[in-house]
Amino acid sequence: MSTIDLNAPPENHKVSVSVEREETAGERWVRLFKDVVLFLVAVAFVVVMAWLCYATVTSGAATAEEKKWALSVLSAATGGIIGYLVRK
């Protein structure tokens, strides 16, 4: 087994040391719960925005300018969702 002198590392090498605290089961549960809640809130927000845009586009009372903005937001949301799914 070879040994390396940490006081004089070989050329073109960098030495790094880290100390990390181990996550407890309770901390893991809280972190995962927060992540799931945040994800569900984000999904609910996107669904509400898409529903409002769809309702605006299909509404007979909406002006052409409102429908234009609603279509822009709806296409951006659709593109974002597709990009998220393709990346995964």
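Structure's up top.
A quick note: this is a predicted structure, and the numbers were derived from the prediction, not measured. (Residues numbered from 1 in each chain as written. Predicted model: local features only at pLDDT ≥ 70, side-chain atom pairs only at ≥ 80, totals over all residues. Heavy atoms only, no water.)

1. Description of the overall build of the protein chain
- A tally of helices and strands in the protein chain yields two helices and zero strands.
- For the protein chain, the C-alpha radius of gyration of 25 Å lies well beyond 12 Å, the compact-globule estimate for 88 residues.
- Along the first, second and third principal axes, the C-alpha set of the protein chain runs to 80 × 35 × 20 Å.
- Counting every position in the protein chain, which comprises 88 residues, the buried fraction comes to 3%.
- With an accessible surface of roughly 8100 Å², the protein chain has 66% of that area assigned to carbon and sulfur atoms.
- Of note, the protein chain has its 9 positive side-chain charges centred 10 Å away from the centre of its 9 negative side-chain charges. (Helix = DSSP H or I, 4+ residues; strand = E, 2+ residues; numbered from the N terminus. Rg over C-alpha atoms; globule rule 2.2 N^0.38 Å. Buried < 20%, exposed > 50% of the residue type's maximum accessible area, 1.4 Å probe, protein only. Areas by Shrake-Rupley, 256 points an atom, 1.4 Å probe, with all protein chains shown as cover. Lys, Arg positive; Asp, Glu negative; His and termini not counted. Charge placed at Lys NZ, Arg CZ, Asp CG, Glu CD.)

2. Overview of the environment of Phe33
- Looking at the element boundaries, Phe33 is found in helix 1 (residues 25-58).
- Among the residues examined, Phe33 registers a relative accessible area of 48% and is labelled partly exposed.
- Spatially, the C-alpha atom of Phe33 lies 36 Å from that of Val57, the residues being 24 residues apart in sequence.

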